[in-house]
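# Descriptive analysis of the structure
Chain by chain, the residues:
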Amino acid sequence: MGVLLDRMHPRHVLIFAAIFILTLYFTAVGFSPGVAQEAIIRPIAEHQEIVFPISNVEREQEAAQDLGDREQTKEPHSSSSEKTSRIKPKKPHIVFILADDLGYNDVSYHGSELRTPNIDKLSAQGIRLENYYVQQMCSPSRSQLMTGRYQIHTGLQHSCLFVTHPSCMPTDLPTLPEKLREAEYATHLVGKWHLGFYKNECLPLNRGFDTFYGILGGRADHYKHDNNGENPQGGLYSGYDFRDGYAVDKTAQGQYDMDLYTDRASRVIEQHNQSQPLFLYLAYQAIHWPLQAPDENVKRFKHIQNDDRRMVAAMADTVDRSVLAIVKKLEEQGMWEDTVLVFSSDNGAQKAWGNNWPLRGYKNSLWEGGIRAVGFVVSELLPSSVRGTVSKQLMDMSDWLPTLVGGVAKHQLGDMALDGYNMWDTLGSAQPSLRSEILHNIDPFPNKPAKFSTDITAAIRVGDWKLLTGGPGAEGGVWLAPPDLGLKNIQPPAGDHLNRVWLFNITNDPAEKNDLSNQHKDVVDELMEKLRVYYEGAVPVNFPPAVPQSNPELHGGAWGPYDVD
């Protein structure tokens, strides 16, 4: 090996070293080429964690102080000393927690320098989803969660929903909370909506939720709760964005949103009539920009030198502690044994501060770093044989509606047109996934050609294969190394930006290092044909320009409906 390296050009040595590092990383975190089909589900105990500057001992000590103590000190649910006696609901409670812009390398169980001991511990008690996909941006992921449809069927193929653009999730599609309400669930949304609000029909209280507490748009200052949007005449509009139900809630000003959301979610659980099943959708804005966190959280990460990364660590810490608080509250109320809890990120990490290493790309790209998600499901209702396992089953955000409605709630889906699959039986066993392919996206904006071609940005996963076309984003697919670790970013191969087609065996090559499009033209043709068929069935992209009617000054200084019809 030494003789070989001596004879190599220095640039080739660097490339060799980078690939070697990626290979070691994937081996450590559980990506094993060629074994995905043989071991779809494997015990957490086999999961090895990369050693980063923060010691595992330190993480374990924190976990013991948090979720670990919860297990050691809690009393059995049948105990007469518990605060609330257990009332078994007719159907399981469902808690869905969605983290915002949380990258693949932003949880410590993926080897990150960030500390998420409670998420680590909780996920280790359930099923970690390691072949699980979401969309590349906020609104499309949320729309798939709410409707079970690909964005080619909702018109949200391009970018996301902006506050000044008159658009929203289609109002003629049934939603997850509407179907659960049919199943007699109480439905609550705490946190970020980001599915449009330009007319009243788009608001969360008119899309199936009994209560709503949070922001309508895609982001806001975490303390001031104000947000900016494009002024079509130039510059920006500015307005306040925080509501309790339909009403603007100015009492939230000056309070950190994660504290507000955790307190409200805890109150929802505390005040819930336990004879009725509960659906709580807790959609954090963390770790989305702007980067803000309480000083007490920031001080825990003085060892992280990069300022933005330190703030991300603090924000991830607020998410981790909020998850702990929600689980504790469910236990205090005697509801935990009857709850199915899902945790998911909505897309990959943003370029500048989050991290998706060793995956390629970042948020708003179709590389794995933009769409492969952090996710897990935990419940005492799952068979003991699958608790504490890692699942390599192929799964998509669009699967949650049929899984939660048809699988968990056992409610009829009727004649709903869906792109998702009911994965509940698959999750509860070692049965093969019902899903063999995922359409990641087809975005023809702004040209909208009549026929599909490789000039259109698209990606599809079929079995082990992933095909990308057009311009997948992220500067051609850069690999962004974590700050503070002495590693350099890896740029795409020379000339790669001239390509319009890429093919990867994503099972063997999750880092998307080896383009096989020239070696497997038959596979390229097969997947191209699938994209053509999907494109023929797509609805037009709904991405209208900003309108002056959206100006918050016309609506009392707050973002809200501005019907333009």
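See the structure shown above.
Summary of the structure given here.

Definitions and limits used
Residues numbered from 1 in each chain as written. Predicted model: local features only at pLDDT ≥ 70, side-chain atom pairs only at ≥ 80, totals over all residues. Heavy atoms only, no water. Helix = DSSP H or I, 4+ residues; strand = E, 2+ residues; numbered from the N terminus. Buried < 20%, exposed > 50% of the residue type's maximum accessible area, 1.4 Å probe, protein only. Contact = heavy atoms within 4.5 Å. Disulfide = S-S within 2.5 Å. Pairing = 2+ DSSP bridges. Salt bridge = Lys/Arg side-chain N within 4 Å of Asp/Glu carboxyl O. Expected span 1.5 Å × (residues − 1). Phe/Tyr/Trp six-rings, centres within 6.5 Å; stacked < 30°, edge-to-face > 60°. Lys NZ or Arg CZ within 6 Å of the ring centre and 35° of its normal. Axes fitted to C-alpha atoms, helices over the stretch in contact; angles between N-to-C directions. Parallel < 35°, antiparallel > 145°, perpendicular 65-115°, else oblique.

## A word on the overall build of the protein
Each helix and strand in the protein was counted, giving 13 helices and 19 strands. Here the protein holds 565 residues, and 61% of them are scored as buried. Taking the intrachain contacts of the protein between residues at least 6 apart in sequence as the baseline, contacts between residues at least 24 apart amount to 74%.

## A closer look at helix α11 (residues 400–408)
Summarising burial for α11: 9 of the 9 residues are buried, a large majority. Buried residues of α11: Trp 400, Leu 401, Pro 402, Thr 403, Leu 404, Val 405, Gly 406, Gly 407 and Val 408, and no others. Backbone geometry just downstream of α11 places Lys 410 in the positive-phi region, at approximately 55°.

## Quick word on the state of the cysteines
Two cysteines joined by a covalent bond between their sulfur atoms form a disulfide. Scanning the model with the defined rule gives 1 disulfide in all. Put simply, Cys 168 and Cys 202 are joined by a disulfide, and their sulfur atoms are 2.2 Å apart. In this structure the cystine formed by Cys 168 and Cys 202 twists about its S-S bond by roughly -60°; its chirality is therefore left-handed. With Cys 168 in the loop between α5 (138–147) and α6 (176–182) and Cys 202 in the loop between β5 (186–192) and β6 (211–215), this residue pair connects regions lying 34 residues apart in the sequence. We note that Cys 168, like Cys 202, is buried. Free cysteine: Cys 138, not disulfide-bonded; nearest cysteine sulfur from Cys 160 at 5.9 Å. Exposure remark for Cys 138: the relative accessible area of 2% places this residue in the buried category.

## Looking at the environment of Cys 160
Residue position: Cys 160 is located in the loop between α5 and α6. Among the residues examined, Cys 160 registers a relative accessible area of 10% and is labelled buried. In this structure the C-alpha to C-alpha distance between Cys 160 and Leu 195, which are 35 residues apart in sequence, comes to 8.7 Å.

## Focus: the pairing of strand β18 (residues 465–469)
Judged by how many residues are buried, β18 sits mostly within the fold: 5 of 5 residues are covered. Because side chains alternate across β18, one face comprises the buried residues Trp 465, Leu 467 and Thr 469, and the other comprises Lys 466 and Leu 468, equally buried. When strand β17 (residues 457–462) meets β18, the two strands line up antiparallel, connected through 5 bridges. Following the sheet pairing, Arg 461 is matched in β18 by Lys 466. Following β17, the chain reverses through 2 residues before pairing antiparallel with β18; Gly 463 in that reversal takes a positive phi of roughly 60°. Relative to strand β19 (residues 501–505), β18 runs antiparallel, the two sharing 5 bridges. Bridge assignment links Leu 468 to a residue of β19, and that residue is Trp 502.

## What about the side chain of His 225?
Relative to the elements of secondary structure, His 225 occurs in the loop between β6 and β7 (226–230). The class for His 225 is buried, based on a relative accessible area of 1%. Discounting residues that sit within four places of it in the chain, His 225 has contacts with Ala 220, Gly 239, Tyr 240, Asp 241, Phe 242, Ala 252, Gln 253, Gln 255, Asp 257 and Leu 260.

## Quick notes on the pattern of salt bridges
Applying the stated rule across the entire model yields 25 salt bridges. The salt bridge partner of Arg 310 is Asp 307, with a shortest N-O separation of 3.1 Å. With Arg 310 and Asp 307 both in helix α9 (residues 307–332), this residue pair falls 3 residues apart, about one helical turn. By relative accessible area, Asp 307 is classed as exposed at 53%. Arg 500 is the partner of Asp 455 in a salt bridge, and the nearest nitrogen-oxygen pair spans 3.9 Å.

## Overview of helix α7 (residues 257–271)
The end-to-end C-alpha separation of α7 is 21 Å, in line with the 21 Å expected for 15 residues at 1.5 Å each. Buried residues of α7: Asp 257, Met 258, Leu 260, Tyr 261, Thr 262, Arg 264, Ala 265, Ser 266, Val 268 and Ile 269, and no others. As for α7, its buried residues are in contact with β5, β6, β9 (243–244), β11 (278–283) and α9.

## Quick notes on the packing of aromatic side chains
Applying the stated rule across the entire model yields 18 aromatic pairs. The interplanar angle of 75° and the centroid separation of 6.1 Å between the aromatic rings of Tyr 150 and Tyr 534 together place this pair among those described as edge-to-face. Of the two residues, Tyr 150 is situated in the loop between α5 and α6 and Tyr 534 in helix α13 (residues 521–536); the sequence distance between them amounts to 384 residues. Like Tyr 150, the residue Tyr 534 is buried in the burial classification. Here the basic side chain of Arg 128 rests over the ring of Tyr 109, its NZ or CZ set 4.0 Å away from the ring centre.

## Some points on the sheet that holds β18
The strand order β16-β17-β18-β19 describes an open sheet built from 4 strands, whose pairing is antiparallel. The open sheet has two edge strands, β16 (437–443) and β19, and neither has a second partner. Averaged over all neighbouring strand pairs, the angle between strand axes comes to 10°, with direction disregarded. Sheet contacts for α13: β16, β17, β18 and β19; angle to β18, the most-contacted strand, approximately 65°.

## Quick notes on the packing of helix α4 (residues 117–124) against α9
Look at α4 against α9: their axes get within 7 Å of each other, and the N-to-C directions meet at 50°. Taken together, the axis directions place α4 and α9 in an arrangement best described as oblique. On α9, the residues touching Pro 117, Asn 118, Ile 119 and Leu 122 of α4 are Val 319, Asp 320, Arg 321, Val 323, Leu 324 and Val 327.

Distances and angles like these do not, on their own, reveal function.
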